[in-house]
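# Fold and geometry: a report
Spelled out, the chains give:
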Amino acid sequence: MKFCSSCGASVAFRTPPGDTLPRHVCDHCGTIHYQNPKLVVGAIPEWEDKILLCRRAIEPCHGKWTLPAGFMENEETTAEAAARETLEEACARIEVGNMFSLIDVPHISQVHIVYRARLLDLDFRPGEESLEVALFDEADIPWDEIAFRTIALSLRRYFADRRDGRWGFHTCSVSLNDPPPGLIGR
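The structure presented is a predicted model; accordingly, all values stated were derived computationally and were not measured.

## Quick notes on the packing of aromatic side chains
This structure, assessed with the given rule, holds 6 aromatic pairs. With a centroid separation of 5.0 Å and 80 degrees between ring planes, the pair formed by Tyr 158 and Phe 159 is classed as edge-to-face. Between Tyr 158 and Trp 167, the aromatic rings sit 5.1 Å apart at their centres with planes inclined by 40 degrees, giving tilted as the arrangement. The rings of Phe 100, Trp 143, Tyr 158, Phe 159 and Trp 167 are connected pair by pair, giving a single aromatic cluster. A cation over an aromatic ring shows up here: Arg 116 above the ring of Trp 167, its NZ or CZ 3.6 Å from the ring centre. A cation sits over an aromatic face here: Arg 156 above Trp 143, 3.7 Å from the ring centre.

## Section: helix α1 (residues 78-90)
When the terminal C-alpha atoms of α1 are compared, their 18 Å separation across 13 residues agrees well with the 18 Å that a helix rising 1.5 Å per residue should span. Along α1, the residues classified as buried are Thr 78, Ala 81, Ala 82, Arg 84, Glu 85, Thr 86, Glu 89 and Ala 90. On its buried face, α1 sits against β4 (38-47), β5 (50-56), β7 (69-71), β8 (94-105), β9 (110-119) and β10 (130-136). Following α1 by one or two positions, Cys 91 adopts a phi angle in the positive range, close to 50 degrees.

## Here we look at the layout of surface pockets
Reported here for the largest pocket is a volume of approximately 520 Å³. Counting residues per element, the lining of the largest pocket draws most heavily on β9, which supplies 4 residues. Per-class residue counts for the lining of the largest pocket are 15 nonpolar, 7 polar and 6 charged. Taken as a whole, the second largest pocket spans an internal volume of roughly 200 Å³. Here the lining of the second largest pocket is built from residues that sort into 4 nonpolar, 2 polar and 2 charged.

## Some details on the nonpolar core
In terms of nonpolar packing, the biggest core is built from 16 residues, with Ile 44, Ile 51, Leu 53, Leu 67, Ile 141, Ile 146 and Leu 155 touching the most fellow members. For this core, the secondary structure elements donating two or more residues are β5 and α2 (149-164). The element that contributes the greatest number of residues to this core is α2, accounting for 5 residues. Aside from chain neighbours lying at most four places away, what touches Ile 51 is Ile 44, Pro 45, Glu 46, Leu 67, Ala 134, Leu 135, Phe 136, Ile 141, Leu 155, Tyr 158 and Phe 159. Membership of the second largest hydrophobic core comes to 15 residues, among which are Ala 82, Ala 92, Ile 94 and Tyr 115.

## Quick notes on the pairing of β9
Counted residue by residue, β9 has 8 buried out of 10 residues, so it is predominantly covered. Relative to β9, β4 is paired through 9 bridges, and the arrangement is parallel. Bridging from a neighbouring strand, Ala 43 pairs with Tyr 115 of β9. Looking at chain direction, β8 and β9 are connected through 9 bridges and run antiparallel. In the sheet register, Ile 103 faces β9, and the bridge partner there is His 112.

## What to know about α2
For α2, built from 16 residues, the straight-helix expectation of 22 Å at 1.5 Å per residue is met to within 8% by its first-to-last C-alpha distance of 22 Å. Structurally, α2 contributes buried residues whose contacts are with β4, β5, β6 (65-66), β8, β9 and β11 (170-173). One or two positions beyond α2, positive phi appears at Gly 165, with a value near 75 degrees.

## A closer look at the sheet that holds strand β1 (residues 11-14)
Strand order across the open sheet formed by 3 strands is β1-β2-β3, with antiparallel pairing between neighbours. Either end of the sheet is taken by a strand with one partner, and the two such strands are β1 and β3 (32-33). As judged from the 4 bridges shared by β1 and strand β2 (residues 23-26), these two strands associate in the antiparallel manner. What sits directly across from Arg 14, in β2, is Arg 23.

Calculation criteria
- Residues numbered from 1 in each chain as written.
- Predicted model: local features only at pLDDT ≥ 70, side-chain atom pairs only at ≥ 80, totals over all residues.
- Heavy atoms only, no water.
- Phe/Tyr/Trp six-rings, centres within 6.5 Å; stacked < 30°, edge-to-face > 60°.
- Lys NZ or Arg CZ within 6 Å of the ring centre and 35° of its normal.
- Helix = DSSP H or I, 4+ residues; strand = E, 2+ residues; numbered from the N terminus.
- Expected span 1.5 Å × (residues − 1).
- Buried < 20%, exposed > 50% of the residue type's maximum accessible area, 1.4 Å probe, protein only.
- Contact = heavy atoms within 4.5 Å.
- 1 Å grid on protein atoms, 1.4 Å probe; cavity = no way out; pocket = protein on both sides within 12 Å on 5 of 7 lines; lining within 4 Å.
- Points joined across faces, edges and corners; volume = space filled by probe spheres on them.
- Nonpolar A, V, L, I, M, F, W, Y, C, P; charged D, E, K, R; others polar.
- Core = buried A, V, L, I, M, F, W, Y, C linked by side-chain atoms within 4.5 Å.
- Pairing = 2+ DSSP bridges.

Everything listed here is a matter of geometry and, on its own, says nothing about what the molecule does.
Here you go:
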């Protein structure tokens, strides 16, 4: 950041009084510009024993499979973000259920939240960010083509919970040195 979004003056990167971390600070108007982690929110849309996945039409991971998910917008709840992202990426309507996983991704300053959700009907198709969308049972998941570690972790935990007959809420962190998504849980 070079300029203040409040007044347009140059900013300095320093620790403001009363703070413990360096921030972009405007010496002209005094605005402190905080940079905080971004929330990525998605859903595991369920239909009978299958779940809906999207093949990405955008980078990163163009052509890989993922759950419908994306960055949360201002003025929406996390559940609203999950429903909106599912509608945008898979043109699918869902009933959002319980929050299923929360995964910290500190090396890229993100937090990923995934909800369980029920597909309301089978009227889905690729949105602008998807090449294709499809329902998969566990045996047919293209594990070696899953786009992100957080999605692979959430899916593996989802199927484990389903086998165990009890649903939990799962939290963890992933790091830059974790294995590729297709190798997680093997």
